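This is what each chain is made of:
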Amino acid sequence: MAEKEGSGEDGAVAEIEKKIIEVFEAFDNEGSNSVDARDIGVIVRTLGCFPTEAELNELLAKVEDEEEPGGYVHLEKFLPVMTKVLLDRRYRPIPEDVLLHAFEVLDEKKCGYITKEDLVKYLTEEGEPFTEEEMENMLSVALDPETNTVRYRNYISKLVVDET
């Protein structure tokens, strides 16, 4: 019985690690198990965590390659740190219903999606604007290439970390 409990926890860790690796690999353009350090904020946020810029810089200091400061972050260094962040539930994610409500407010026609053009406009011209690079990174995950829209319920399911 104790073995089953342990394997359940191991299974949860394995699921978290799988999700981290999946997101990390989306930004690993060269297939080298490393990403540009500037992508870490987007990766962390894609995993449903929302650290402040100061917290993000602390996290980056833990995972950045010391030999190439300002350069790259390697998966083997990022994975254990980010796994612990998710297990400790740091940088609390925004609840799914809050994210859904935010997208629904932007979806004026209530059609279940937002066009690429509208999303880019909202996120680059309103509030704290996304940089062009942040926008490209988000769209690479969120955009349905066939319709050129963001079906936000699908996108939210990619963002939300299962906390059970």
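Presented here is a report on the structure given in the accompanying data block. (Residues numbered from 1 in each chain as written. Predicted model: local features only at pLDDT ≥ 70, side-chain atom pairs only at ≥ 80, totals over all residues. Heavy atoms only, no water.)

### Details of a nonpolar patch on the surface
1) Next: Together, Phe50, Ile94 and Val98 make up an exposed nonpolar region whose accessible area comes to about 220 Å².
2) Next: Take Val98: it is sitting in helix H5 (residues 96-106). (Patch = residues over 30% accessible without salt bridge, like charges linked within 9 Å, V, L, I, M, F, W, Y side chains within 5 Å. Areas by Shrake-Rupley, 256 points an atom, 1.4 Å probe, with all protein chains shown as cover. Salt bridge = Lys/Arg side-chain N within 4 Å of Asp/Glu carboxyl O. Helix = DSSP H or I, 4+ residues; strand = E, 2+ residues; numbered from the N terminus.)

### Structural notes on the side chain of Thr149
1) Next: Summarising the element assignment, Thr149 is placed in strand S4 (residues 149-150).
2) Next: By relative accessible area, Thr149 is classed as buried at 6%.
3) Next: Leave out the neighbours within four places in its chain, and Thr149 touches Tyr113, Ile114, Thr115, Lys116, Ala142, Leu143 and Asp144. (Buried < 20%, exposed > 50% of the residue type's maximum accessible area, 1.4 Å probe, protein only. Contact = heavy atoms within 4.5 Å.)

### Examining unusual backbone geometry
1) Next: At Asn33, a position not held by glycine, the phi torsion is positive, near 60 degrees.
2) Next: When you line up the elements, Asn33 lands in the loop between helix H1 (2-27) and strand S1 (34-36).
3) Next: Looking at Asn33, the relative accessible area reads 37%, which means it is partly exposed.
4) Next: Phi angles above zero are rare outside glycine, and Arg89 is one such case at about 55 degrees.
5) Next: Its location among the elements puts Arg89 in the loop between helix H4 (75-87) and H5.

### Here we look at the layout of surface pockets
Over the atoms, a rolling probe the size of a water molecule traces out where space has been left empty.
1) Next: Estimates place the volume of the largest pocket at around 900 Å³.
2) Next: The wall of the largest pocket is formed by 29 residues, among which Arg45, Phe50, Leu123, Phe130 and Met138 lie closest to the centre.
3) Next: Put simply, the parts of the chain that give the lining of the largest pocket at least two residues each are helix H2 (40-46), H5, helix H6 (116-125), helix H7 (132-142) and helix H8 (152-159).
4) Next: Among the elements that line the lining of the largest pocket, the one with the most residues is H5, at five residues.
5) Next: For the lining of the largest pocket, the per-class residue count stands at 19 nonpolar, five polar and five charged. (1 Å grid on protein atoms, 1.4 Å probe; cavity = no way out; pocket = protein on both sides within 12 Å on 5 of 7 lines; lining within 4 Å. Points joined across faces, edges and corners; volume = space filled by probe spheres on them. Nonpolar A, V, L, I, M, F, W, Y, C, P; charged D, E, K, R; others polar.)

### Notes on the environment of Ile43
1) Next: The residue Ile43 is located in helix H2 in this model.
2) Next: For Ile43, a relative accessible area of 0% translates into the label buried.
3) Next: On a C-alpha basis, the gap between Ile43 and Glu25 in space is 9.8 Å, while along the polypeptide they are 18 residues apart.
4) Next: Residues within four places of Ile43 in sequence aside, it is in contact with Val23, Phe24, Phe27, Val35 and Phe78.

### Let's talk about the packing of aromatic side chains
1) Next: Applying the stated criterion to the full structure yields three aromatic pairs.
2) Next: With centroids separated by 5.5 Å and ring planes inclined at 5 degrees, the aromatic side chains of Phe103 and Tyr152 adopt a geometry described as stacked. Highlighted residues: Phe103 in helix H5 and Tyr152 in helix H8, separated in sequence by 49 residues.
3) Next: Each residue in the set Phe103, Tyr152 and Tyr155 is aromatic and connected to the rest through ring pairs, giving one cluster. (Phe/Tyr/Trp six-rings, centres within 6.5 Å; stacked < 30°, edge-to-face > 60°.)

### Quick notes on the nonpolar core
1) Next: Ranked by internal contacts, the top residues of the largest apolar core, which has 25 residues, are Ile20, Ile40, Ile43, Val44, Val73, Phe78 and Met82.
2) Next: Of all the secondary-structure elements, those providing two or more residues to this core are H1, H2, helix H3 (53-63) and H4.
3) Next: No other element matches H4, which puts six residues into this core.
4) Next: In contact with Val73, not counting residues within four places along its chain, are Phe24, Asn33, Ser34, Val35, Ala37, Ile40, Leu60, Val63, Glu64 and Phe78.
5) Next: Counting 17 residues, the second-largest nonpolar core is a separate cluster that includes Leu100, Leu123, Met135 and Tyr155. (Core = buried A, V, L, I, M, F, W, Y, C linked by side-chain atoms within 4.5 Å.)

### Regarding H4
1) Next: Counted at 1.5 Å a residue, the expected span for H4 with its 13 residues is 18 Å, and the 17 Å between its end C-alpha atoms agrees.
2) Next: Buried within H4 are the following residues: Leu75, Phe78, Leu79, Met82, Thr83, Val85 and Leu86. All buried residues of H4 lie within an arc of 160 degrees about the axis, which places them on one face of the element. H4 presents Glu76 and Lys84 as exposed residues on the side facing more than 90 degrees away from its buried surface.
3) Next: Just past H4, the residue Arg89 takes up positive phi, approximately 55 degrees. (Expected span 1.5 Å × (residues − 1). Arc of directions from axis to C-beta.)

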